[in-house]
Amino acid sequence: MYRRDLRDTQSDDLLADAVTAEMAEQAIPEPNESDGNRLAYAASREHRTDLYLKDGEETRKLTSRGLLAQRYTHLDPRWFDWHPEGENIAYAGEDDDGLSIWTADAETGEKTRVTNHDAADAGPRFSPDGDEIAFVTDNWSPGSLAVASADGRRVEVLRDDEFLYQDPRWADGDALYAVRTRHEDLTDRASQVVRVSRDGGVEPVFASDSVNAYAPRPRPSSDSDSEELAFVHDETGFDAIYLTGPDREEPEQLVAERGTDLGAPSWDSSGEKLAFTATRDGKVEIRTVAADSGEVEALTDEPGDRYFPEWREGDVLAVAADPTTPPEVRNVSTGERVAGRPPAGLESRFVDPEEITYDSTGGVEIHAMVYLPEGHDEADPDSIPLLVHPHGGPTAFDGYEYNYRAQYFARQGFAVIEPNYRGSSGFGREFRNRNDFAWGEGDLDDVVNAADALADAYPAVDPDRAGIFGGSGGGLMTVNALGKTDRFDAGAAFYGVYDYETFVDDTDDVGWRLMKRELGFPATDIDNYREASPIRSVPDIEAPLLVLHGEEDVRVPLSQSEQLVEELDKHGKTYEFQTYDDEPHGFLKRENVVDAYSRVADLFAKYLEVNPDDGSSRPHRPDDE
């Protein structure tokens, strides 16, 4: 479809360095009760996440086969947990059967397997006395709530019903709190906070139709009769933090801010303050609030991406990143790095993004991030080609995070815009729900209109040379944009859904619940599935399309891209199809990421750049493919 490497390839080294950077995922300080100062944290590098223990200046890796530790926008659960006396750490670790609960001795690193069944387990949480571990498991049914003895000799289920349970937190030795969602819903749309007794009895703490409630955090207290709880819900339209307890008839709003989503509450050891995240217009700050007075203090002021705040000796630690720095563990009270190893020289090769807003269809204001090549201020008018990069999800957002994809293309000389189209998170519940039962309508308009918004905002950007690329939800948006409009000259679609009718047969449970929420049930709403499928617009695609997919993808199976390619071939379209045999949903390995995105860069070099070869490209060889 195009000649490989018809461009300056030096930026490929930047991509290789950026994708192999160590990225912190979550950090949990040793409990105060243990009188220690150690830090357990999860960090990812390429295709695997491992658990590390930092003790003074020494850092040791505790796992060798990986563990489950990932950020999820609307839940903020712990993915591993300290024993209350600091003896060991519980985590969900990979094994031959999937994911089981394990403990690692904090001194020796010795592993003990707690659960031993053919099912995925997650979210371990030690009881206050350390004798038991609560966790979520698929062993009985998806999202069951269970408890195991810490030595693994006993496992029992507490709740196995029509709900999916997540994020268990012990209230005391006799009960715990959890988030639950009906199997037919998604956790970012309609979830409840409940109290589950040790014998399995359940009592709702907060449950309201179409309201998302999450992050139950019991308040530390020396008074066993005063059991208070902080949690988050979005009944007002934006995520806010509430307090409930025996002295309150209804949950009382502790802190809220119109236009800002608050989340991830974390108590200090005294129960006097909460640390929390505040998300607005792509920026994620860390703040604290005094529980009794409601006084709020901002701990961060520079744009960035922060999550999972935790207290240590009066300071707040969090995983923090910014556009030029990979996620690391940082003391946000002092600004000091606590753990993490950013690659040398990366910051100087990255650009600082900007943000713009523009009006889209129906007068809806859209927020977007923009990455511009160096020297754009002095560039000639219409001299810089543009790329639109819609995020996946669709319940996600682009902001001031570490973003090597956009940085790579800015380094190549493109202007990149990342629109937070309707359906994105971080802008309140109403905006998040705006594309329900309307995929490929207003959200697609927001993405297509981003190209003109970028060119209007920056004179050096050429509106007539435009490309589009994206993964998952961004991949299907790419194909929709090429088939339903003639706005773009080329596109690259990564692991997208292209035929919703067949997708429901092959996807995992999360994908199936997403379809039910967004499009309805096939038995009654099959027209929604067919009309929203990008594959229907293939006959109208005129631009060249690069299709990429991982063969180990269970969320969006390879069959989706195979169907798309079959349709492209049937209609005589210009395309290339590239697969990677060892990649899941989202490419992780260095060699695959570099190969995939350099192919995309080559595609855009051919179809968007006026003179892509400045003499630095290497000769094409057939074995490069």
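Data block above holds the structure.
Residues numbered from 1 in each chain as written. Predicted model: local features only at pLDDT ≥ 70, side-chain atom pairs only at ≥ 80, totals over all residues. Heavy atoms only, no water.

Visitor: For the sheet that holds strand 4 (residues 58-61), give the residues involved together with the corresponding values.
Guide: Reading across the sheet, the four strands line up as 1-2-3-4 and stay open at both edges, with antiparallel pairing between neighbours. Each of the sheet's edge strands pairs with one partner strand only, and the pair in question is strand 1 (23-29) and strand 4. Each strand of the sheet is rotated relative to its neighbour by a mean of 25 degrees, with strand direction disregarded. Bridging between strand 2 (residues 39-45) and strand 3 (residues 48-55) involves seven bridges; their strand directions are antiparallel. Counted as the bridge partner of Ala-42 is Leu-51 from strand 3. (Pairing = 2+ DSSP bridges. Helix = DSSP H or I, 4+ residues; strand = E, 2+ residues; numbered from the N terminus. Axes fitted to C-alpha atoms, helices over the stretch in contact; angles between N-to-C directions.)

Visitor: Help me get a handle on the side chain of Thr-325, residues and values and all.
Guide: Along the polypeptide, Thr-325 turns up in strand 27 (residues 325-331). When neighbours within four sequence positions are excluded, Thr-325 is seen to be in contact with Arg-330 and Tyr-402. (Contact = heavy atoms within 4.5 Å.)

Visitor: Can you tell me about unusual backbone geometry, naming the residues and giving the values?
Guide: Positive phi is not limited to glycine here, since Phe-308 has a value of about 55 degrees. Counting through the fold element by element, Phe-308 comes out in strand 25 (residues 305-312). We classify Phe-308 as buried; its relative accessible area is 5%. One non-glycine residue, Tyr-495, lies in positive phi territory at about 35 degrees. Topologically, Tyr-495 is positioned in the loop between strand 34 (490-494) and helix 7 (500-506). The class for Tyr-495 is buried, based on a relative accessible area of 8%. (Buried < 20%, exposed > 50% of the residue type's maximum accessible area, 1.4 Å probe, protein only.)

Visitor: Can you explain the sheet that holds strand 20 (residues 252-255)? Please cite residues and give values.
Guide: Pairing is antiparallel in the open sheet, where four strands are placed in the order 17-18-19-20. Each of the sheet's edge strands pairs with one partner strand only, and the pair in question is strand 17 (213-218) and strand 20. Here the strands of the sheet are splayed against their neighbours by 30 degrees on average, with no regard to which way each runs. Taken together, the three bridges between strand 19 (residues 240-244) and strand 20 define a ladder with antiparallel strand orientation. Within the sheet, the bridge partner assigned to Ile-241 lies in strand 20 and is Val-255.

Visitor: Tell me about the packing of aromatic side chains, and name the residues and values.
Guide: Considering all chains together, one arrives at 20 aromatic pairs under this definition. Measuring from ring centre to ring centre gives 4.8 Å for Phe-409 and Phe-469, while their planes differ by 50 degrees; the resulting arrangement is tilted. Separated by 60 residues along the polypeptide, Phe-409 in helix 3 (residues 404-411) and Phe-469 in strand 33 (residues 461-471) bring together distant segments of the chain. Taken as a pair, Phe-409 and Phe-469 share a single burial class, namely buried. Among the aromatic residues, those joined into a ring-pair cluster are Tyr-408, Phe-409, Phe-414, Phe-469, Phe-494, Tyr-495, Tyr-580, Phe-587, Tyr-597 and Phe-604. In this structure, Arg-180 packs its charged tip against the face of Phe-163, placed 3.8 Å from the ring centre. (Phe/Tyr/Trp six-rings, centres within 6.5 Å; stacked < 30°, edge-to-face > 60°. Lys NZ or Arg CZ within 6 Å of the ring centre and 35° of its normal.)

Visitor: Explain the pattern of salt bridges to me, and be specific about the residues and the numbers.
Guide: With the rule as written, the count across this model stands at 42 salt bridges. With its nearest N and O atoms 2.9 Å apart, the salt bridge here joins Arg-217 to Asp-167. Of this pair, Arg-217 sits in strand 17 while Asp-167 sits in strand 13 (residues 163-172), and the two are 50 residues apart along the sequence. The two residues Arg-217 and Asp-167 agree in class, both being buried. Linked through salt bridges whose partners overlap, the residues forming this network are Arg-219, Glu-228, Arg-248, Glu-252 and Asp-292. (Salt bridge = Lys/Arg side-chain N within 4 Å of Asp/Glu carboxyl O.)

Visitor: Tell me about the pairing of strand 27, and please be specific about residues and values.
Guide: Burial runs high along strand 27: seven of the seven residues are buried. Direction of pairing for strand 26 (residues 315-322) relative to strand 27: antiparallel, over a ladder of five bridges. Note on strand 27: the bridge partner recorded for Asp-322 is Thr-325. Taking the residues between adjacent antiparallel strands as the criterion, strand 26 and strand 27 are bridged by two residues. Note that strand 27 and strand 28 (residues 336-339) share three bridges and pair antiparallel. From the neighbouring strand, Val-329 faces strand 28, where its bridge partner is Ala-339.

Visitor: Outline helix 6 (residues 473-484), listing residues and values.
Guide: With 12 residues, helix 6 ought to run about 16 Å at 1.5 Å a step, and its terminal C-alpha atoms sit 16 Å apart, in line with that. Within helix 6, 11 of the 12 residues are buried, leaving the element largely enclosed by the surrounding structure. Every buried residue belonging to helix 6 is among Gly-473, Gly-474, Gly-475, Leu-476, Met-477, Thr-478, Val-479, Asn-480, Ala-481, Leu-482 and Gly-483, and all of these are buried. (Expected span 1.5 Å × (residues − 1).)

Visitor: With reference to specific residues and values, describe the pairing of strand 10 (residues 132-137).
Guide: Among the six residues in strand 10, six count as buried, and that is most of the element. By the alternation rule, side chains of strand 10 split into Glu-132, Ala-134 and Val-136 and Ile-133, Phe-135 and Thr-137, which are all buried. With four bridges connecting them, strand 9 (residues 121-126) and strand 10 associate as antiparallel partners. The residue bridging Arg-125 from the neighbouring strand is Ala-134, located in strand 10. Following strand 9, the chain reverses through five residues before pairing antiparallel with strand 10; Gly-130 in that reversal takes a positive phi of roughly 80 degrees. Summarising the sheet, strand 10 and strand 11 (residues 144-149) pair through six bridges and their orientation is antiparallel. Across the sheet, the residue bridging to Ile-133 is Ala-148, located in strand 11. Hairpin connection between strand 10 and strand 11: a loop of six residues separates the two successive antiparallel strands, and Gly-143 in this loop has a positive phi of roughly 75 degrees.

Note that all results are geometric; they support no functional claim without further evidence.
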